[in-house]
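Chain by chain, the residues:
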Amino acid sequence: MSRIASTFAHLRQQGRRALIPFLTAGFPDREHTVPLMHTLVEHGADIIELGVPFSDPMADGPVIQRASEQAIAGSMTLARVFDCVAQFRQQNAHTPVVLMGYANPIEAMGYPTFIQHAQDAGVDGVLTVDYPPQECTEFAAALAAAEIDPIFLLAPTSTEARLHEVAAAGRGYLYYVSLIGVTGAATLNTAAVSARIPAIRAATGLPVAVGFGVRDAASAQKIGAAADGVIIGSRLIEILEAASDTPAMHRAAGEFLGSLRTALDQLHGAAQ
Amino acid sequence: MNRTTGNSPFSQPDEHGHFGRFGGVFVSETLIAALTELTDAWQRVREDERFWAEFQHEMAHYVGRPSPIYHARNWSQQLGGAQIYLKREDLNHTGSHKVNNCIGQALLARRMGKKRIIAETGAGQHGVATASVAARYGLPCVVYMGAEDMRRQASNVYRMKLLGAEVRAVESGSRTLKDALNEAMRDWVTNIADTFYIIGTVAGPHPYPQMVRDFQSIIGHECREQMVKLAGRQPDEIIACVGGGSNAIGIFHPYLDEANVRLTGVEAAGKGLDTPFHAAALGCGRAGVLHGNRTMLLQNADGQIMEAHSVSAGLDYPGVGPEHAWLQETGRVQYVAATDEEALAAFHALTRAEGILPALESSHALAHAARIAPTLPADAIVLVNLSGRGDKDMHTVAEYGNLQR
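Presented here is an overview of the structure given in this document. (Residues numbered from 1 in each chain as written. Chains lettered and ligands numbered in written order. Predicted model: local features only at pLDDT ≥ 70, side-chain atom pairs only at ≥ 80, totals over all residues. Heavy atoms only, no water.)

Some remarks on the overall build of chain B
What chain B contains, in helices and strands, is 16 helices and 14 strands. The C-alpha radius of gyration computed for chain B amounts to 19 Å, which stays within 12% of the reference 22 Å derived for 405 residues, consistent with globular compactness. Principal-axis analysis of the C-alpha atoms places the extent of chain B at approximately 55 × 45 × 45 Å. Here chain B holds 405 residues, and the buried ones make up 67% of them. Look at the contacts in chain B between residues 6 or more apart in sequence, and 75% of them connect residues 24 or more apart. When the accessible surface of chain B is summed, it comes to about 13,400 Å², and 52% of that surface belongs to carbon and sulfur atoms. When the 38 basic and 44 acidic side-chain charges of chain B are each reduced to a single mean position, those positions are 3 Å apart. (Helix = DSSP H or I, 4+ residues; strand = E, 2+ residues; numbered from the N terminus. Rg over C-alpha atoms; globule rule 2.2 N^0.38 Å. Buried < 20%, exposed > 50% of the residue type's maximum accessible area, 1.4 Å probe, protein only. Contact = heavy atoms within 4.5 Å. Areas by Shrake-Rupley, 256 points an atom, 1.4 Å probe, with all protein chains shown as cover. Lys, Arg positive; Asp, Glu negative; His and termini not counted. Charge placed at Lys NZ, Arg CZ, Asp CG, Glu CD.)

Regarding empty space enclosed by the protein
Which parts of space are left empty comes out when a probe the size of a water molecule is rolled across the atoms. All names here are of chain B. Counted under the stated rule, the structure contains nine cavities of 30 Å³ or more. In this structure, the largest cavity spans a volume of roughly 340 Å³. Surrounding the largest cavity, 29 residues form its lining, His-97, Lys-98, Gly-314, Leu-315 and Glu-361 being those nearest its centre. The set of elements that each furnish at least two residues to the lining of the largest cavity consists of strand 5 (116–121), helix 5 (125–137), helix 8 (177–190), helix 11 (246–252) and helix 15 (360–372). Residue composition of the lining of the largest cavity, by class: seven nonpolar, 18 polar and four charged. The residues that make up the lining of the largest cavity include at least three from each of domain 1 (18–60 + 98–212) and domain 2 (64–95 + 217–399). Computed from the structure, the second largest cavity encloses a volume of approximately 240 Å³. (1 Å grid on protein atoms, 1.4 Å probe; cavity = no way out; pocket = protein on both sides within 12 Å on 5 of 7 lines; lining within 4 Å. Points joined across faces, edges and corners; volume = space filled by probe spheres on them. Nonpolar A, V, L, I, M, F, W, Y, C, P; charged D, E, K, R; others polar. Domains from an automatic or database assignment.)

Some remarks on the environment of B:Pro318
Residue and element names in this part refer to chain B. As for its position among the elements, Pro-318 is in the loop between strand 12 (292–297) and helix 13 (322–330). Separated by 190 residues in the primary sequence, Pro-318 and Val-128 place their C-alpha atoms 22 Å from one another. Ignoring anything within four residues of it in the chain, the contact list for Pro-318 reads Lys-178, Ala-281, Met-296, Leu-297, Leu-298, Ile-305, Met-306 and Ala-308.

What to know about the pattern of salt bridges
Pairs can form between side chains of opposite charge whenever their charged atoms are close. All names here are of chain A. Applying the stated criterion to the full structure yields 42 salt bridges over all chains. Note that Arg-12 and Asp-228 form a salt bridge whose closest N and O atoms lie 3.9 Å from each other. Pair noted here: Arg-12 is in helix 1 (residues 3–14) and Asp-228 is in the loop between helix 10 (217–224) and strand 8 (229–232), with a separation of 216 residues, a long-range link. One salt bridge in this structure joins Arg-215 and Glu-238, with 2.8 Å as the shortest N-O distance. With a gap of 23 residues between them, Arg-215 in the loop between strand 7 (208–211) and helix 10 and Glu-238 in helix 11 (residues 234–242) connect regions that are remote in the sequence. Since its relative accessible area comes to 26%, Arg-215 is described here as partly exposed. (Salt bridge = Lys/Arg side-chain N within 4 Å of Asp/Glu carboxyl O.)

Regarding the interface of chain B and chain A
Facing the 34 residues of chain B at the interface are 37 residues of chain A. Interface area lost by chain B to chain A is led by B:Glu29, B:Arg186 and B:Gln304, which between them contribute 24%. Inspection of the region where chain B meets chain A yields three salt bridges. We note a salt bridge from A:Asp56 to B:Lys178, for which the minimum N-O separation is 3.0 Å. Applying the counting rule to chain B against chain A returns 20 residue pairs in polar contact (both at pLDDT 80 or more). Those elements giving two or more residues to the side of chain B that touches chain A turn out to be strand 2 (22–26), helix 1 (29–46), helix 8, strand 11 (286–290) and strand 12 of chain B. (Buried area = accessible area lost by both parts, 1.4 Å probe. Polar contact = N/O pair within 3.5 Å; in protein donor to acceptor, adjacent residues only side chain to side chain.)

Regarding the pairing of strand 8 (residues 195–198) of chain B
All names here are of chain B. A two-sided burial pattern is seen for strand 8, the buried positions comprising Thr-195 and Tyr-197 on one face and Phe-196 and Ile-198 on the other. As defined by bridge partners, strand 5 adjoins strand 8 across four bridges and the pair is classed as parallel. Bridge assignment links Arg-116 to a residue of strand 8, and that residue is Thr-195. (Pairing = 2+ DSSP bridges.)

Let's talk about the sheet that holds strand 1 (residues 18–19) of chain B
Residue and element names in this part refer to chain B. Taken in spatial order, the four strands of this open sheet run 1-2-12-11, and their pairing is antiparallel. Both outer strands of the open sheet, strand 1 and strand 11, are each paired with one neighbouring strand and no more. Relative to strand 12, strand 11 runs antiparallel, the two being bridged by five bridges. Looking at strand 12, one finds that Arg-286 is bridged to Leu-297. Of the strands in this sheet, strand 1, strand 2 and strand 12 are in contact with helix 13, which crosses strand 12 at around 45°. (Axes fitted to C-alpha atoms, helices over the stretch in contact; angles between N-to-C directions.)

Focus on helix 14 (residues 340–354) of chain B
Residue and element names in this part refer to chain B. With 15 residues, helix 14 ought to run about 21 Å at 1.5 Å a step, and its terminal C-alpha atoms sit 21 Å apart, in line with that. All of the buried residues in helix 14 are Asp-340, Ala-343, Leu-344, Ala-346, Phe-347, His-348, Leu-350, Ala-353 and Glu-354. Taken from the residues just after helix 14, Gly-355 is the one with a positive phi, measuring 70°. (Expected span 1.5 Å × (residues − 1).)

So, the sheet that holds strand 7 (residues 166–170) of chain B
All names here are of chain B. Spatially, 7-6-5-8 is the arrangement adopted by the four strands of the open sheet, whose pairing is parallel. A strand with exactly one partner marks an edge of an open sheet, and here the two such strands are strand 7 and strand 8. Each strand axis lies, on average, 25° off the axis of its neighbour in the sheet, ignoring direction. Sheet topology note: the strand 6 (residues 141–146)/strand 7 ladder contains five bridges and is parallel. Looking across to strand 7, one finds that Tyr-144 is bridged to Arg-168. Each of strand 5, strand 6 and strand 8 is contacted by helix 5, which is oriented at about 165° to strand 5, the strand it contacts most.

Topic: the layout of surface pockets
In this model, the largest pocket occupies a volume close to 440 Å³. In terms of lining residues, the largest pocket is bounded by 19 residues, among which A:Gln134, B:His16, B:Val25, B:Ile32 and B:Thr36 are the most central. Elements with a contribution of two residues or more to the lining of the largest pocket: helix 8 (160–169) of chain A together with helix 1 of chain B. A total of seven residues in the lining of the largest pocket trace back to one element, the largest contributor, which is helix 1 of chain B. Here the residues of the lining of the largest pocket sort into four nonpolar, nine polar and six charged.

Rendered as structure tokens:
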């Protein structure tokens, strides 16, 4: 069983939801990435989505665009993202790490090399925003053969037929984009998200994680009531951006994540 | 009539939008449904004679087509070789070939019941054409433009505003065309139900490269008729500038099956192909994925997209339409490059010889014509796509200080 599958299985046994923070690798700079990953785990992260910065992040809102630009300006490269994961793995063997990014850096490296490095570093899943399943069948099969989960997006605009197509291609979990827009947009309709999840569940045995517009404990809790996992990205980056120094950054990230953890675990408490 | 038919090896793309290994639909899931809806609508109108009749009517009465072909006798004589003919897309309403595609997509938007138009623009020509067409059809219009381009093309910004469009400055990335495209995509993904995104070139996800090509192919179809009337035969060579490549594909496509017509695309070599300051994605790029398709891209070793450079904002794009990438790979079209300096020299030469101010984009095609014409016999015919007029470029030309005498 993959690290992602066993994480969800374990959480499910406990009636808990996965808390999945997204962090742009190399933001605010290269030295902070691995320590921040550990901080996130200490404060309740079950899985970490590590953003591979790209020059043209078409699906991202201004916050993650800014973080990507800053990371690239700080010489963060795909090869160095693997270094970060490998370094993280020296101290943490249980928390799944999912690389999230765009196709071009992977194509520039060549996907066999990418997969080899990902495997060596201890990457558990790969979510490539601009690789819909029909454009990456070989890549997805090669990832799966290397026991790395290809993770795909589903959107509010996905049709019923599409839902089945994506569900058949995905492994690990399905990432449901909670809103029609870019990451970090402020238009999340938690009721609409919750209403869609049963249809997704009917199409797949995979866990369903929701992201793109979750900003606080309240919205995380509402989403968590329906989904298996909650992904939080832009708001976390904003909190890192606002911190005055390194200790403050770790403290703020920890407090924020802790508040989400508590909110999600209240669902578990309520269920009991 | 503007459609490719038959079993030509050049009848691309396949049903999934692939031109060989290029093209495709490389977008986030949120856009998939919208692109499917667009592809379905497009395939329906593609077979609808009434749609094409409406398109032709607008081409004739709003754009002023067919655009003439002009035999540049003075300039040909000065160059001392081949006869140079110019396809006068600069005479179109709004000043370039861009309007052909805007009319086509706006007509499609109306059929799909879309209430709002968005577009990206580099030089501003596509923005102006879109703003004009939006005014013509009474649709609100937002144009995304890189802040750097807004500075270079201030008069076009003003024109778009006069036409009632809202011009939104894009401050991210290199603040040029590629970033404007990113931002327009982000708008589209956010307002997908009521918004039609008019992409200005033969790039983007399927069906855009095919759709834009089909609308722009009116250029080449007209040339096929006009050249016979004017010169008694088809040209030996056709030259067009290539940024994204819409004017080039428009003139090339109807000629792809004519093996003895040589087709040459001219990319912007900027300050030189041996410097980092150029826009030659075909000449110097590597295959990759950007803006929804797989194509040739200027990128660094780590797969980050590099900033392109050209004196002409319209060629300042680090990618190129996927069909060009494929045509290069098949060898059917050859791609060369012309520097800023060569383009400016051609700009001045044509202006003085013929009283025609070409756009700096088109000046790249002229520069290559000037390069080869002296090597050809006097009865050779070279047809250049004069894709736009240079009025918008006065400021840039003056800045480069090339006013001679």
